[in-house]
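Examination of the molecular architecture
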Amino acid sequence: MDSLIALWEWLGTNLIVLQILIKIVVIVAPLMLCVAYFTYAERKLIGYMQVRIGPNRVGPKGWLQPIADAVKLMFKEIVIPTKANKVLFLIAPLLTLGPALAAWAVFPFSDGLVLADLNAGLLYILALTSIGVYGVIIAGWASNSKYAFLGAMRSAAQIVAYEIAMGFALVGVLVAAGSLNLGEIVRAQQSDAGIFGWFWLPLFPLFIIYFISGVAETNRAPFDVAEGESEIVAGFHVEYSGMPFAVFFLGEYANMILISALTALLFMGGWLSPLPASWVDGVFLLGDGIHWLFLKTAFAGFFFLWFRATFPRYRYDQIMRLGWKVFIPITIVWILVVGLMVVYQFAWFS
Amino acid sequence: MTFEKFVFYVFAAILVFAATMVITRRNPVHSALFLVLAFFSSAGIWLLAEAEFLAIVLILVYVGAVMVLFLFVVMMLDIDLATLKAGFIKHMPVGVLVALVMAIEMFMVVGPANFGLEKVPAPAAQGAGYNNTEELGSVLYTVYMYPFEIAAVILLVGIIAAIGLTMRKRPETKFQDPSVQVRVKKADRLRVIKMDAED
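Residues numbered from 1 in each chain as written. Chains lettered and ligands numbered in written order. Predicted model: local features only at pLDDT ≥ 70, side-chain atom pairs only at ≥ 80, totals over all residues. Heavy atoms only, no water.

Per an unreviewed UniProt entry, chain B goes by the name NADH-quinone oxidoreductase subunit J and belongs to Sedimenticola selenatireducens. Under the UniProt heading Function (unreviewed entry), the note attached to chain B is "NDH-1 shuttles electrons from NADH, via FMN and iron-sulfur (Fe-S) centers, to quinones in the respiratory chain. Couples the redox reaction to proton translocation (for every two electrons transferred, four hydrogen ions are translocated across the cytoplasmic membrane), and thus conserves the redox energy in a proton gradient." Per UniProt, the comment on chain B under Sequence similarities (unreviewed entry) is "Belongs to the complex I subunit 6 family." (UniProt positions renumbered as here; feature names shortened; annotations may be inferred.)

The name that an unreviewed UniProt entry assigns to chain A is NADH-quinone oxidoreductase subunit H, with the source organism given as Sedimenticola selenatireducens. Turning to chain A, the UniProt annotation filed under Catalytic activity (unreviewed entry) states: "a quinone + NADH + 5 H(+)(in) = a quinol + NAD(+) + 4 H(+)(out)". Taken verbatim from the UniProt record of chain A, the Subunit (unreviewed entry) comment is "NDH-1 is composed of 14 different subunits. Subunits NuoA, H, J, K, L, M, N constitute the membrane sector of the complex."

Spelled out as structure tokens, the structure:
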């Protein structure tokens, strides 16, 4: 053990690139596994909500289903449409997955457990989530297909609209925490009130709007008009098959996990324990720790699946109205309220 | 050559390459995408210059919002590539002349005569704890408060004017009023009547 620690420290001073690469693998490999089992959880949960069993054939209780799906997609033929723009067609899925993975670089999993402790972390995440839209637009255009293009146009307008509401919600968090550093934002939620000290309570409207905008940003039901199976077949990825399709799929689920984890981090106290610190400090599993972050992320992720099983798809004009005429005004008003609360040191901010 | 210098030259080379492709590609969508690449590489250069706030905002605003809308429009245009290609040789002398004049002007303004190292010394590198965003914010909202607010108001006027230009009454369009839809009661829509079964 000691020799391992010594080796790690030696890497840190002499071969820092290798050390960072190992850290990246340690973050991305479990994330990919989470993505695989998130798809399984989705099929199983929606199955139970619709009073059926869901996948149960591959492995015990269907646990190997995501592995089987991955293997199937890997060995499928990659079909590129005749008149498609080959380079852009193949770059597009990577542009969806890349930002969703890169955003984890500044994500603090626990106190000090972070790959790059950027002091503009929140801004970095905003910038990266805003370039995720390119994957969808380029896929739609490069496919040279009407359906794909319509899907891309719908999704571009939708993502741009909800990004503004999302950005304003984050401005509220930034005002409340007084920092752009994600670790600092979590530490600002630490108080002796436990769960009631987190930002979800003083920023309640922003919390709801951030999460719903997140659902819209990831093109998930009920905001999945970009796919709209019933009217435009599958939207922007209608022409994709095999591995490029799988990468889109990975990107969508990685984005969902990212939004859930960010919601947990920014509004639900990240790695903080929901019980007051003075009761549980140092108690095994009840004190602060990375497991709380995982639990909160799973909690937020569950809502993605629950929404999909519950709500019918929005009509396009209703999506636009909700984004521009409801969410943006509410966020602007609440930023003002948060500002006043901070200036007059109201309850949470004293 | 230090590592930093090497990274700078890589970014600079990509930037110049992307910028050349923006103006030489025939397909406007490709041009727009190369412009995105150019923004990325200049953001990289700004990061090297310790302007991380500006670098991230460049990505956030130009790549994340402006270029998306650009692409949105460019993709919907039906451009005839043949007419675009025509007349390139004819207009070339004028283009070269304009480019030359602009290059000379830029050299005269930002050349070594005004911005040489002896005129403007290179700023000292800041420590790891230096917060670019905070520094910018504290200056922007105190010393430059009025210019900042005036710029904001001008932008707001621009937004309102742009929306005002596209506003027009179209009597034939149909739309739904969601608040009316929400207020609907069962009694307004549905009438339960009792009637005898007919045979």
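The next thing to look at is the UniProt feature "transmembrane region" (unreviewed entry) in chain B. All names here are of chain B. Look at the UniProt record and you will see "transmembrane region" (unreviewed entry) annotated at residues 6–24, 31–49, 55–79, 91–110 and 144–165. As annotated, residues 6–24 has a helix share of 100% and a strand share of 0%, and its two end C-alpha atoms lie 27 Å apart. Helix makes up 100% of residues 91–110 and strand makes up 0%, while its end C-alpha atoms are separated by 29 Å. (Helix = DSSP H or I, 4+ residues; strand = E, 2+ residues; numbered from the N terminus.)

So, on to the domain arrangement of chain A. Residues and elements named next belong to chain A. Segmenting chain A into domains produces domain 1 (1–75) and domain 2 (78–344). Look at where the C-alpha atoms of domain 1 and domain 2 centre, and you get two points 20 Å apart. Between domain 1 and domain 2, the contact holds 17 residues from the first and 22 residues from the second. For the pairing of domain 1 and domain 2, the buried interface totals around 1,800 Å² over both sides, and the portion due to carbon and sulfur atoms is 88%. In terms of surface lost to domain 2, no three residues of domain 1 exceed Phe 38, Glu 42 and Leu 73, which account for 33% of the buried area on that side. Taken together, domain 1 and domain 2 are joined by 2 salt bridges. The interface formed by domain 1 and domain 2 holds 3 residue pairs in polar contact (both at pLDDT 80 or more) in total. Mapped onto the side of domain 1 that touches domain 2, the elements with two or more residues apiece are α2 (16–49) and α3 (65–74). With 15 residues, α2 is the largest single contributor of residues to the side of domain 1 that touches domain 2. Looking at the side of domain 1 that touches domain 2 residue by residue, the classes come out as 14 nonpolar, 1 polar and 2 charged. (Domains from an automatic or database assignment. Contact = heavy atoms within 4.5 Å. Buried area = accessible area lost by both parts, 1.4 Å probe. Salt bridge = Lys/Arg side-chain N within 4 Å of Asp/Glu carboxyl O. Polar contact = N/O pair within 3.5 Å; in protein donor to acceptor, adjacent residues only side chain to side chain. Nonpolar A, V, L, I, M, F, W, Y, C, P; charged D, E, K, R; others polar.)

What follows covers the packing of helix α7 (residues 146–177) of chain A against helix α9 (residues 204–217) of chain A. All names here are of chain A. Where α7 meets α9, the axes come as close as 9 Å, and the angle between the chain directions of the two elements is 150°. As far as their axial angle goes, α9 and α7 are roughly antiparallel. The crossing of α7 and α9 is left-handed. Facing Gln 158, Ile 159, Tyr 162, Glu 163, Ala 165, Met 166, Ala 169, Leu 170 and Gly 172 of α7, the residues of α9 in contact are Leu 206, Ile 209, Tyr 210, Ser 213, Gly 214, Ala 216 and Glu 217. (Axes fitted to C-alpha atoms, helices over the stretch in contact; angles between N-to-C directions. Parallel < 35°, antiparallel > 145°, perpendicular 65-115°, else oblique. Left-handed = near helix turned anticlockwise from the far one by under 90°.)

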